[in-house]
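These are the residues of each chain, in order.
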Amino acid sequence: MAGAELEGLRARMEKALPQGALQEVQADGAMQIRPNALLRAGQFLRDQEGFDYLSNVTGVDWIEQGQFEVVYHLYAMRRGERIVLGKDPDGPLGPVVLKVRVPRGDPAVPSVVPIWPSALWQEREVYDLMGIRFDGHPDLKRIYLWDEFEDHPLRKDYSPEEVQGE
Amino acid sequence: MSEEAAVHVPMEIEDLGTEPITLNVGPQHPSTHGVFRMKLQLQGETIVSLEPILGYLHRCQEKLAEGRNYLQSIPYTDRLDYVCSMTNNHPYVMAVEKLAGIEVPRRAECIRVVMDELTRLLNHALFVGFLLNDMGAWLTPVQYALREREKILDLFEMASGSRMMCNYMRFGGVAHDLPEEFMPLLTKVVEEFPAFVDEYERMLTTNEVLLARCKNVGILPPDRAVAYGVTGPVLRASTVAYDVRKVERYSLYGELDFYVPVGTIGDVYDRYLVRVYEMRQSVRILEQVMKLLAETQPGDIQSKVPKTVKPPAGDAYARIESPKGELGFYLVSDGSEKPYRWRVRAPSFVNLTPLEEMCRGHKVADVIVIFGSIDVTMAEVDR
Amino acid sequence: MTIVVPRHDEFQPFGWGLVKGLLVTASHLVRSYFRRNLRIPGKEPFPGGRFGLFTVKYPEERAPLPDRYRGLPILLYEDSTQSELCTACMSCARACPVGIIHIEQGVDEVGKKIPYAQGFAIEYGTCLNCGLCADACPFGSIVMDHVLETARASRDELWMTKERLLHPVSYYREIAPTVWAEIREEAMKRLDGTVKRRPAGVGVVPK
């Protein structure tokens with residue numbers, strides 16, 4: 001999503017969110033949000049703007065910069081449905097890309113499960129493989145690896161030589 | 001998550017001191033489409049809660065891909081959802097093409113759409129067969145489906161070299177051109193498939209046993225489906241008509257004319273019917289693409305791409321409508337030949353999230369049918 | 001744009017839904033004796049042609065495999081001069097996703113590298129059958145064989161060295177003519193240059 005639609009969305013978001021919450025808008029349209037404003041932004045996007053479908057939650061390990069990043073891809077499903085039914089969508093369809101950066105030492109991001117339950121297992125996966133904690137998640141435990149496993153494999157400094165368990 | 005659930009689960013039966021039991025539907029089970037474990041809390045035969053446990057097929061493909069260059073990861077994408085390997089390649093090559101700005105020639109787009117729709121036929125035929133298998137119609141519908149699948153698998157073997165792990169799409173097009181025997185056999189498949197679907201429906205759709213087991217079982221209301229991020233035939237059976245092919249119009253789908261089947265209630269029967277009707281629509285799409293393919297020149301199947309692709313730094317997300325739902329790849333590149341982050345948005349993984357909500361209040365035997373109707377491949381869930 | 005799928009969900013009298021299904025299977029019971037079985041149009045289905053119900057007596061009779069079929073990789077040597085096409089350029093070793101191709105380049109008397117693979121080994125046990133090695137080879141030397149029975153009695157037998165991998169070009173031309181026709185011209189042109197740069201007698205397969 002780019003151009004006029006993105007500019008309009010950015011202006012509306014800046015008005016709705018507290019000062020400084022929207023840190024940066026990148027060249028391809030991705031919006032970087034402060035972690036403590038994530039829930040406000042999510043609520044605004046879902047209720048006022050109609051982005052009701054969270055497609056993807058990804059964790060990225062920027063080890064050189066000492067940060068973790070969580071990337072959210074949002075689409076407007078009910079507006080997309082209007083296209084399939086042959087009507088005019090009257091609004092942007094997405095994707096809206098939200099990025100949240102947290103320091104690597106103590107990564108904690110508020111969980112968006114109260115807003116989009118589709119993040120229920122995807123956040124568990126990011127926690128399991130990257131080690132980012134999601135505050136407010138109803139059931140944050142490992143999903144792929146067994147519970148006694150200690151490291152987080154997708155981190156860039158994970159070394160697979162020490163094999164754990166049986 | 002709604003306390004005011006439609007079905008009242010009795011916690012105690014009068015005059016009998018009952019208590020709930022925990023039943024483990026273990027990882028090795030013939031009907032779990034892979035290795036999947038569920039811990040069921042039962043009161044008699046009724047389900048109180050269901051806890052799914054995943055990870056038995058976890059190979060951490062996302063970490064493996066960070067150690068290989070972009071071309072070497074294409075065989076790994078085949079092994080994500082092993083039933084639909086052509087559609088697994090497609091969003092990955094689309095994401096790299098987005099990152100690196102590579103164009104795709106028209107003949108290659110036509111071939112990609114042909115392979116996508118053939119995969120949809122494959123998957124839906126197999127799904128119907130195995131749903132009936134889970135219900136107890138032991139292998140008769142499976143054999144009918146597999147007989148039609150054999151023709152399509154022969155097509156794949158002719159074009160790419162392998163029936164299952166096709167490894168056929170490349171950045172900027174496809175790997176090899178179609179051999180001469182491909183078009184006659186494709187014409188034969190397209191002519192014979194509608195008759196097969198009609199016969200399949202005659203055998204199954206009004207069958208009393210199927211109705212008794214599928215009607216009003218595992219209903220997923222549309223607002224819960226949208227909230228859980230469910231996509232694909234499960235979403236369309238719950239009356240939400242969202243199809244990535246019509247919304248994104250990627251590849252050739254903007255020029256093609258087809259309907260999107262939508263259900264009325266959102267139970268297992270609707271999901272079965274939506275997939276049967278999608279098979280008919282796929283045949284319609286194939287007829288149109290075959291005409292478009294005949295207009296292109298043979299030979300122009302891949303644009304000029306360097307041997308080792310090094311996309312510029314940035315990120316891209318590409319998604320398609322795979323037979324199971326929305327399959328997406330999110331790639332982050334740092335300018336080198338190996339990806340920095342390689343993420344698969346697997347449809348089976350997200351579609352499995354509302355399993356507990358769909359199953360609460362039903363009997364144990366319904367769990368297998370509901371699970372089969374979501375059409376999951378554990379290799380995609382666990383990656 | 002959308003169709004609402006029609007639900008035929010009332011139970012019909014006399015169990016008619018079940019009876020219809022049984023009629024379908026019964027019709028197949030009769031029809032299968034009169035069905036013509038074709039596999040790939042244009043290619044002979046099974047030796048002798050087949051009609052009705054039959055059993056393919058494997059392994060004496062086999063279904064035909066298409067030219068592009070990807071079995072396991074093999075090396076080629078040219079028939080008339082018996083020279084190997086492989087120049088140890090390492091393209092296949094670099095292209096392999098699992099890293100199972102191990103090549104050692106040959107040297108001549110003074111220690112200069114020559115286009116000849118002194119040692120060449122492939123681990124058949126780990127091969128993904130992806131064909132990326134055959135796609136990457138610029139000399140047409142490593143190609144995909146049409147093998148189906150790939151089991152061996154022990155793990156050591158799956159470590160294939162060059163003598164067991166070498167096959168003549170005539171063998172490959174017979175099993176995959178269209179694929180060989182695509183790479184033949186380039187391969188033969190480069191073979192001349194390769195043979196010139198090798199010392200005499202090096203890279204020739206003994207009869």
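Please read all numbers here as calculations on a predicted model, not as lab measurements. (Residues numbered from 1 in each chain as written. Chains lettered and ligands numbered in written order. Predicted model: local features only at pLDDT ≥ 70, side-chain atom pairs only at ≥ 80, totals over all residues. Heavy atoms only, no water.)

Participant: Looking at this structure, I do not really get the overall build of chain C. What am I missing?
Facilitator: On a plain count of helices and strands, chain C comes out with 6 helices and 7 strands. Over its C-alpha atoms chain C spans a radius of gyration of 26 Å, topping by over 25% the 17 Å that the globule rule assigns to 207 residues. Along the longest, intermediate and shortest principal axes, the C-alpha atoms of chain C span 95 × 45 × 40 Å. For chain C, restricting intrachain contacts to residue pairs at least 6 apart in sequence, the fraction spanning at least 24 positions comes to 66%. For chain C, the computed accessible surface area is about 11,800 Å², with 58% contributed by carbon and sulfur atoms. Between the centroid of the 27 positive side chains of chain C and the centroid of its 24 negative side chains there is a distance of 4 Å. (Helix = DSSP H or I, 4+ residues; strand = E, 2+ residues; numbered from the N terminus. Rg over C-alpha atoms; globule rule 2.2 N^0.38 Å. Contact = heavy atoms within 4.5 Å. Areas by Shrake-Rupley, 256 points an atom, 1.4 Å probe, with all protein chains shown as cover. Lys, Arg positive; Asp, Glu negative; His and termini not counted. Charge placed at Lys NZ, Arg CZ, Asp CG, Glu CD.)

Participant: Can you help me understand the interface of chain B and chain C in this one?
Facilitator: Taken together, the contact pairs 55 residues of chain B with 41 residues of chain C. Of the roughly 4,100 Å² buried between chain B and chain C on both sides combined, carbon and sulfur atoms contribute 57%. A per-residue breakdown of the area chain B buries against chain C is headed by B:Gln72, B:Thr206 and B:Glu208, which together make up 14% of the total. Joining chain B to chain C, the criterion identifies 4 salt bridges. B:Asp270 is the salt-bridge partner of C:Arg7, the closest N and O atoms lying 3.2 Å from each other. Connecting chain B to chain C are 22 residue pairs in polar contact (both at pLDDT 80 or more). (Buried area = accessible area lost by both parts, 1.4 Å probe. Salt bridge = Lys/Arg side-chain N within 4 Å of Asp/Glu carboxyl O. Polar contact = N/O pair within 3.5 Å; in protein donor to acceptor, adjacent residues only side chain to side chain.)

Participant: Would you explain the layout of surface pockets in this entry?
Facilitator: Any empty space left between the atoms is revealed when a probe the size of a water molecule rolls over them. Residues and elements named next belong to chain C. Considering only enclosed or pocket space, the largest pocket measures out at about 1,500 Å³ in volume. Looking at the lining of the largest pocket, the elements that each hand over two or more residues are helix H2 (91-95), helix H3 (132-136), strand E5 (142-144) and helix H6 (177-197). The greatest single-element share of the lining of the largest pocket, amounting to 6 residues, is contributed by H6. (1 Å grid on protein atoms, 1.4 Å probe; cavity = no way out; pocket = protein on both sides within 12 Å on 5 of 7 lines; lining within 4 Å. Points joined across faces, edges and corners; volume = space filled by probe spheres on them.)

Participant: Just to check I follow, could you spell out the interface of chain B and chain A for this structure?
Facilitator: One frequent convention defines the size of an interface as the accessible area lost when the parts assemble. Across the boundary between the two partners, chain B contributes 44 residues, which contact 43 residues of chain A. Connecting chain B to chain A are 5 salt bridges. Of the charged contacts, one joins A:Lys156 and B:Glu66 as a salt bridge, the two residues approaching to 3.1 Å between their closest N and O atoms. Where chain B touches chain A, the interface holds 22 residue pairs in polar contact (both at pLDDT 80 or more). By residue number, the principal contributor to the side of chain B that touches chain A is helix H8 (residues 222-227) of chain B, which donates 4 residues. By residue class, the composition of the side of chain B that touches chain A is 22 nonpolar, 6 polar and 16 charged. (Nonpolar A, V, L, I, M, F, W, Y, C, P; charged D, E, K, R; others polar.)

Participant: Any chance you could explain the pattern of salt bridges here in plain terms?
Facilitator: Pairing between side chains of opposite charge can happen when their charged atoms approach one another. Residues and elements named next belong to chain B. For the structure shown, the criterion picks out 51 salt bridges over all chains. A salt bridge links glutamate 255 to arginine 106, with the nearest nitrogen and oxygen atoms 3.0 Å apart. With glutamate 255 in the loop between helix H10 (244-248) and strand E6 (260-262) and arginine 106 in helix H4 (residues 106-135), this pair connects stretches of sequence that are 149 residues apart. A residue is classified by how much of its surface remains accessible, and glutamate 255, at 49% relative accessible area, is partly exposed. Its salt-bridge partner being glutamate 192, residue lysine 188 comes within 3.9 Å of it at the nearest N-O pair. Separated by 4 residues within a single helix, lysine 188 and glutamate 192 lie in helix H6 (residues 182-204), roughly one turn from each other. (Buried < 20%, exposed > 50% of the residue type's maximum accessible area, 1.4 Å probe, protein only.)

Participant: Honestly, empty space enclosed by the protein in this entry has me stumped. Any pointers?
Facilitator: Residue and element names in this part refer to chain C. Evaluation of the coordinates by the stated rule reveals 3 cavities of 30 Å³ or more. Its boundaries defined by the atoms lining it, the largest cavity holds a volume of some 90 Å³. Lining the largest cavity are 14 residues, and of these Cys96, Ile100, Cys127, Cys130 and Cys133 lie nearest its centre. For the lining of the largest cavity, the per-class residue count stands at 13 nonpolar, 1 polar and no charged.

Participant: Where do I start with H6(B) in this structure?
Facilitator: In an α-helix, one turn spans 3.6 residues, which is why side chains three or four residues apart end up on the same side. For H6(B), which comprises 23 residues, the first-to-last C-alpha distance of 31 Å matches the rise-based estimate of 33 Å (1.5 Å per residue) to within 8%. The largest bend in H6(B) amounts to roughly 30 degrees and is located at B:Glu192, with the proline B:Pro194 lying one to four residues further along. (Expected span 1.5 Å × (residues − 1). Bend = angle between axes of the 7 residues up to and from the residue.)

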